[in-house]
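Residue-level structure breakdown
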Protein chains: 2
Amino acid sequence: MENKFAELRKRYEEVSALGSARAVLAWDQRVTMPPGGAPARARSMSALARTVHSKATAPEIGRLIGETWDWAQAKGPDSFEAAYLRVLKRDYDHATKLPSEFVGEMSAAASAAMAAWESAKKNSDFPSFAPHLEKMVDINRRQAEYLAPGEPHYDTLLDLYEPGMRRAELEPLLTELSEGMKPVLRAIAERRAAVSNEILKGDFEEGAQLALADEIVKALGFDFSKGRQDRSVHPFTTGFSLSDVRITTWTMRGWLPASIYASMHECGHALYGMGAPAEFELTPLAGGAGLGVHESQSRFWENFVGRSRPFCEWLLPGLRRHFPGKFDRVSPEQFYLAVNKSEPSFIRVEADEATYDMHIALRFRLETALLDGALKVKDLPGAWNAGMNELFGITPKNDAEGVLQDVHWSQGTIGYFPTYSLGNLMAAQLDEAMRADIKDMDGLIARGEFAPPLAWLRERVHRHGARYFPADLLRKAIGKERETAPFLRYIKTKYSAIYKF
Amino acid sequence: MENKFAELRKRYEEVSALGSARAVLAWDQRVTMPPGGAPARARSMSALARTVHSKATAPEIGRLIGETWDWAQAKGPDSFEAAYLRVLKRDYDHATKLPSEFVGEMSAAASAAMAAWESAKKNSDFPSFAPHLEKMVDINRRQAEYLAPGEPHYDTLLDLYEPGMRRAELEPLLTELSEGMKPVLRAIAERRAAVSNEILKGDFEEGAQLALADEIVKALGFDFSKGRQDRSVHPFTTGFSLSDVRITTWTMRGWLPASIYASMHECGHALYGMGAPAEFELTPLAGGAGLGVHESQSRFWENFVGRSRPFCEWLLPGLRRHFPGKFDRVSPEQFYLAVNKSEPSFIRVEADEATYDMHIALRFRLETALLDGALKVKDLPGAWNAGMNELFGITPKNDAEGVLQDVHWSQGTIGYFPTYSLGNLMAAQLDEAMRADIKDMDGLIARGEFAPPLAWLRERVHRHGARYFPADLLRKAIGKERETAPFLRYIKTKYSAIYKF
């Protein structure tokens, strides 16, 4: 059996090494590739994707999983071998259940939809995108049906991003969350002028923003011998191994927080990516437990650390060094207030902590209705605008800043958005538990001592890699179920102090 | 038949797309990868190499080549189809003649030899490298025997890098070249103090060197929408398609010419790489006709353009702009003399135009003797030093600046060095022919109008891609056989004016 397991591992290592190769190509495409490289890159990436897919779905892998399954289970459900097979089997089943013509159709439809979305967004022209979105909704239904015939489609899709979770569990959490936030948002709305973020606007040299961003992530624990930070159109994190994890950030000359918080957000993902034990390298256990957990890590560093008062205190000398003259008369408290100003906004990625999850609630409501057939694609823009009005009291002036703002649906990812809110909830739960263990968190942060919180996350979360489903991981980490109370407590405490209500 | 040819093309496109993927990984490894990424990168690259090899040597490719051969020949030997099959068959035969265990052995031995060479060079410790070199010589003999049983080994190896060439053709050229250079070198040696290059030494800010290098290659015709220039430990050129060609340069703070001429050299390779017709994309006809032709392109821009008097004239304002104060009182003539100072030196890559080929002559003499068994590896350092003394009148003070300086033999490339000299010869032949066609070359260069020489090379050389063997390409381009006279004329004219003899 050891030999069969070793053979399986060897096969998976090949798949994993080729998958990493593909990730390198994708990184280069987004960070360094000259525009002329695009057509050839698309061909290289799809050739590589076909190769990976064919090796990952080789019948021998299925056979070896079957043959070693009982032997691994006998080592205990928490054993490396059992966990290895559990995660691999899940991936293998997913990959083999989709007929390869369907995979091709899905990929071609998504490429076409993304191109249509880009131009539709540019021209704020929803009708030109509508047929593509209809196709993607249909493809999502068919994908769900292939993966789990007869099961509720949304459950199956959600499970792709948040393993083990079902809509029946998710929906009450999201409802509690929006209901809980409403009074906070109302209170903020009544005091909107109380907080100013004017000091964050101006002219901030972009080279200095990047240098500061490097300093910040280095302080948080990002190891530049095992990663790098670059600039790209949209910030992202990718990894080719536990020792080569790359983040990107963006800079906006007139809006300083963009680079700082994008860096911290991606750094959170990267620290998780670098944090699995070395023995998980080249196994299905490397990588995270799911998108929600991943987002909990990025949000933790971005918001629970980065938008905290002590962090602003620590950051200020760096700001003064990199932007001479600009922050001389700014106090930590002023900076703290500025980066926490809350207001209703059209764009999810620019939303503050208090309003962010309302954007998710809207998307969840609409994507489930699309999938169920209760909402027609042609009626989506109207439903979007009505939802924005209901939740925020504002109406997008066009579809570009409304229903067309996000790429997700055009890529064919339905069931993905909720993981952002799940990440927020989990981040708050981890933050509470961490603060119970680490008494002087604020003092540590104010002194730039980020190693203790990182060590805590390494021990509770990172070292498990993809070994557990998200809910099990949370239970293992802090002995709790997913709940909204810690996040709501955190938001209420923070914003009532800021806006004095 | 059209269908079979189309099927063959489709298969080759897959191989080519995956080969490009591997090249992206190699570029990243040398330019952007953090140190921690090395082990995973080695695995990804070897997984990709195995995949490419297995697809490139698929029996179906051999079968399709056989089935379409006569049909393609009937279209004429110069037809796209015939050329396509000719080049592909050559590659396919090479790849399939080597047993895969041997390929594995070769690759493992080369990795070990390179590692041993690096440390031997660092410690100037030839004996620790000797067994590896013995192994590589043996592997080269066996490789040659697999590829062309019973044929002279050096012919077979040389043909890998300079298709169609044999030692019996090469040796007289190299002999003529060194014999022809000897009087020039003697004359220079007697006047060594006549030329100073002190103005090139000093403290040149490296960011400014890189900015200047970008300006220079842009002026030469390097299209930054289809390529990029970065910094790396050793300058190199690579390409992933005709529209994504990347060069690197290096900078030495205290020695300005390093970055300028490395950039121009690699730019020459890149212009060739970008210059094949679009229909050659994803075919075996993309890429160059061989290393000698490639080197003719890099040398042409580096030396025949870059070290010319009018180029120095054009360059000077840029130098003054990037290095304020440093070149205010330097005349174009002074700069021209400085970048053409000739002196015997130990290191090939630092050698000037007049001495460079003597370094190659030494390597050719030694590598043929090693391969024939006339020279034992243990006697190599002695033979090297004796050769240096004979050719240059100087003796390396240790093996690091002697026999251990180059990586080539440790990589297992015997038969490669001569292509550098072949490149010099061809560059001179092209330069003469070009100057016969373009009357005001010096005027164009002095005004920074590099488009006409580039257009000439595109028309005569680049557009043929790998369609012809180097000798045929030269005949096609300028109606000449390979000869040493133009290069010797060029060197004698140039250096007798500089050193006044």
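Residues numbered from 1 in each chain as written. Chains lettered and ligands numbered in written order. Predicted model: local features only at pLDDT ≥ 70, side-chain atom pairs only at ≥ 80, totals over all residues.

**Quick word on the sheet that holds strand E3 (residues 244-249) of chain B**
Residues and elements named next belong to chain B. The three strands are arranged E1-E3-E2 in an open sheet whose pairing can be described as mixed. The sheet is open, and its two edges are formed by strand E1 (227-231) and strand E2 (237-241), each paired on a single side. Each strand of the sheet is rotated relative to its neighbour by a mean of 20 degrees, with strand direction disregarded. (Pairing = 2+ DSSP bridges. Helix = DSSP H or I, 4+ residues; strand = E, 2+ residues; numbered from the N terminus. Axes fitted to C-alpha atoms, helices over the stretch in contact; angles between N-to-C directions.)

**A look at helix H4 (residues 80-97) of chain B**
Residue and element names in this part refer to chain B. Spanning 18 residues, H4 covers 26 Å between terminal C-alpha atoms, matching the ideal 26 Å at 1.5 Å per step. Taken as a whole, H4 has its buried residues at Glu 81, Ala 83, Tyr 84, Leu 85, Arg 86, Val 87, Leu 88 and Tyr 92. Its buried side turned inward, H4 meets helix H1 (2-31) and helix H3 (59-73). (Expected span 1.5 Å × (residues − 1). Buried ≥ 20, exposed ≤ 12 C-beta atoms within 10 Å, placed from the backbone. Contact = placed C-beta atoms within 7 Å.)

**Observations concerning the interface of chain B and chain A**
Listed per partner, the contact involves 29 residues of chain B and 29 residues of chain A. Of all the elements in the fold, those that place two or more residues in the side of chain B that touches chain A are H1, helix H2 (38-56), E1 and E2 of chain B. Here the side of chain B that touches chain A takes eight residues from H1(B), the largest share from any one element. Looking at side-chain class alone, the side of chain B that touches chain A contains 13 nonpolar, 10 polar and six charged residues. (Nonpolar A, V, L, I, M, F, W, Y, C, P; charged D, E, K, R; others polar.)

**Description of the relation of the copies chain B and chain A**
Its rotation angle being 180 degrees, the transformation that places chain B on chain A also includes 0.0 Å of axial translation and leaves an RMSD of 0.0 Å. Taken together, these values place the two copies in the relation of a two-fold axis. The share of interface residues of chain B whose copies in chain A are also at the interface is 100%, consistent with both copies meeting through the same surface. (Least-squares fit on C-alpha atoms with pLDDT ≥ 70 in both.)

**Details of unusual backbone geometry**
All names here are of chain A. A positive phi is found at Ser 124, a non-glycine position, where the angle reads about 50 degrees. Looking at where Ser 124 falls in the secondary structure, it is placed in the loop between helix H5 (100-123) and helix H6 (126-147). A positive phi angle is found at Leu 282, which is not glycine, with a value near 65 degrees. If you trace the backbone, Leu 282 turns up in the loop between helix H10 (257-274) and helix H11 (291-305).

**Side note on the nonpolar core**
Grouped together as the largest cluster of nonpolar side chains are 259 residues, with contacts concentrated most on Ala21(A), Cys267(A), Ala21(B), Leu220(B) and Cys267(B). Apart from the residues within four sequence positions on either side, Cys267(B) is in contact with Val217(B), Leu220(B), Phe222(B), Ile247(B) and Trp301(B). (Core = buried A, V, L, I, M, F, W, Y, C linked by C-beta atoms within 7 Å.)

**What to know about the sheet that holds strand E3 (residues 244-249) of chain A**
Residue and element names in this part refer to chain A. Reading across the sheet, the three strands line up as E1-E3-E2 and stay open at both edges, with mixed pairing between neighbours. For this open sheet the edge positions go to strand E1 (227-231) and strand E2 (237-241), each flanked by a neighbour on one side alone. Averaged over all pairs of adjacent strands, the angle between their axes in this sheet comes to 20 degrees, without regard to strand direction. The pairing of E1 with E3 spans five bridges and is classified as parallel. Bridging across to E3, Arg 231 finds its partner in Thr 249. Each of E1, E2 and E3 touches helix H1 (residues 2-31); the most contacted strand, E2, lies at about 145 degrees to it.

**Let's talk about the packing of H1(A) against helix H2 (residues 38-56) of chain A**
For any two helices packed against each other, one specifies the crossing angle of their axes together with the interaxial distance. All names here are of chain A. With their axes 9 Å apart at the nearest point, H1 and H2 run at an angle of 160 degrees to one another. In this view, H1 runs roughly antiparallel relative to H2, as classed from their interaxial angle. As H1 runs across H2, the sense of the crossing is left-handed. Contacts between H1 and H2 pair Glu 14, Val 15, Leu 18, Gly 19, Ala 21, Arg 22, Leu 25, Ala 26 and Gln 29 from the former with Arg 41, Ser 44, Met 45, Leu 48, Ala 49, Thr 51, Val 52, Lys 55 and Ala 56 from the latter. (Parallel < 35°, antiparallel > 145°, perpendicular 65-115°, else oblique. Left-handed = near helix turned anticlockwise from the far one by under 90°.)

**Points about the environment of His359(B)**
Residues and elements named next belong to chain B. Within the secondary structure, His 359 is located in helix H14 (residues 356-372). C-alpha of His 359 to C-alpha of Ser 178: the two residues are 181 residues apart in sequence and 9.7 Å apart in space. Among all residues touching His 359, those that are not within four sequence positions of it are Arg 348 and Ala 351.

**Focus: the domain arrangement of chain A**
Residues and elements named next belong to chain A. With domains assigned, chain A is organised as domain 1 (2-161) and domain 2 (195-341 + 441-459). Its C-alpha centre places domain 1 at a distance of 29 Å from the equivalent point of domain 2. In this assembly, 16 residues from domain 1 lie in contact with 14 residues from domain 2. Those elements giving two or more residues to the side of domain 1 that touches domain 2 turn out to be H1 and helix H4 (80-97). The greatest single-element share of the side of domain 1 that touches domain 2, amounting to 10 residues, is contributed by H1. When grouped by side-chain class, the residues that make up the side of domain 1 that touches domain 2 number 11 nonpolar, two polar and three charged. (Domains from an automatic or database assignment.)

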